[in-house]
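Chain by chain, the residues run as shown.
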Amino acid sequence: HMQVIITVENRNGMLFNHRRVSRDQKVSERILAYCKEKKLWMNAYSAKLFENNPQIRVSETFLEQKDAICFVEDQDVTPYLPEIDTIILFHWNRDYPADFFFTVDLSEWNRIHQEEFAGKSHEKITMEVYKK
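Asks: Just to check I follow, could you spell out the sheet that holds strand β4 (residues 40-42) for this structure?
Replies: Strands belonging to one sheet form pairs held by backbone hydrogen bonds; the direction of such a pair is parallel or antiparallel. Spatially, 7 strands are ordered β5-β4-β6-β1-β7-β10-β9 in an open sheet, and the strand pairing comes out mixed. Both edges of this open sheet fall to β5 (56-58) and β9 (110-117), since each of them pairs with a single strand only. Here the strands of the sheet are splayed against their neighbours by 25° on average, with no regard to which way each runs.

Below, the structure written as structure tokens:
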């Protein structure tokens, strides 16, 4: 069972020109709080957002971890869908240029949680949690 955490802009864009479309310190804090004491897996690209936090585990094959929570910024999670049971989306609620998108059809998933909060650089960020 894998949980994936993904940040998206209004059209589900994740990256533009191989760079994240946005970042916000409050989202990073929320992600760590969501993980509680569990390890959070990601690749080296994403690890820069978390400044050597002891919860972070870095691996270029992080999506192959079993029973993991993974923060995904620059990879398509579609091949891993059979392993994924929870998707956590953080919506920036803005339009940004994007050329790499989150493409999972969420119509067959159940949204079990939604909340809005103010970020540091975004007045409104929406967190949604989906279960299979």
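Asks: Quick question: what am I supposed to make of the packing of aromatic side chains here?
Replies: For any two aromatic rings, the description comes down to two numbers: the centre-to-centre distance and the angle of the planes. In this structure the tally under the stated criterion is 2 aromatic pairs. Where Phe50 meets Phe71, the ring centres are 5.7 Å apart and the plane angle is 85°; that geometry is what we call edge-to-face. Here Phe71 lies in strand β6 (residues 69-71) and Phe50 lies in the loop between α2 (44-47) and β5, a separation of 21 residues in the sequence. We note that Phe50, like Phe71, is buried. Consider the rings of Phe90 and Phe117, whose centres lie 6.2 Å apart with planes at 80°: the pair is edge-to-face. Within this pair, whereas Phe90 is found in strand β7 (residues 84-91), its partner Phe117 is found in strand β9, the two being separated by 27 residues in sequence. No difference in accessibility class separates Phe90 from Phe117, as the two residues are buried. Sitting over the ring of Tyr45, Arg20 keeps its end group 4.6 Å from the ring centre.

Asks: Please clarify how the pairing of strand β10 (residues 125-131) should be interpreted in this entry.
Replies: On a regular strand, each side chain points to the face opposite its neighbour's, so the side chains alternate between the two faces of the sheet. Summarising burial for β10: 6 of the 7 residues are buried, a large majority. The sheet contact formed by β9 and β10 spans 7 bridges and is antiparallel. Paired with Asn110 across the strands is Lys131, a residue of β10.

Asks: Quick question: what am I supposed to make of empty space enclosed by the protein here?
Replies: Where empty space is left can be seen by rolling a probe of water-molecule size over the atoms. Evaluated as defined, the whole model comprises 1 cavity of 30 Å³ or more. Put simply, the largest cavity is a space of about 60 Å³. As for the largest cavity, its lining consists of Thr7, Ser22, Arg23, Asp24, Val27, Ser28, Ile31, Leu49, Phe71, Glu73 and Trp92. Broken down by element, the residue count for the lining of the largest cavity peaks at 3 residues, all from helix α1 (residues 25-35). Here the residues of the lining of the largest cavity are counted per class, giving 5 nonpolar, 3 polar and 3 charged.

Calculation criteria
Residues numbered from 1 in each chain as written. Predicted model: local features only at pLDDT ≥ 70, side-chain atom pairs only at ≥ 80, totals over all residues. Heavy atoms only, no water. Pairing = 2+ DSSP bridges. Helix = DSSP H or I, 4+ residues; strand = E, 2+ residues; numbered from the N terminus. Axes fitted to C-alpha atoms, helices over the stretch in contact; angles between N-to-C directions. Phe/Tyr/Trp six-rings, centres within 6.5 Å; stacked < 30°, edge-to-face > 60°. Buried < 20%, exposed > 50% of the residue type's maximum accessible area, 1.4 Å probe, protein only. Lys NZ or Arg CZ within 6 Å of the ring centre and 35° of its normal. 1 Å grid on protein atoms, 1.4 Å probe; cavity = no way out; pocket = protein on both sides within 12 Å on 5 of 7 lines; lining within 4 Å. Points joined across faces, edges and corners; volume = space filled by probe spheres on them. Nonpolar A, V, L, I, M, F, W, Y, C, P; charged D, E, K, R; others polar.

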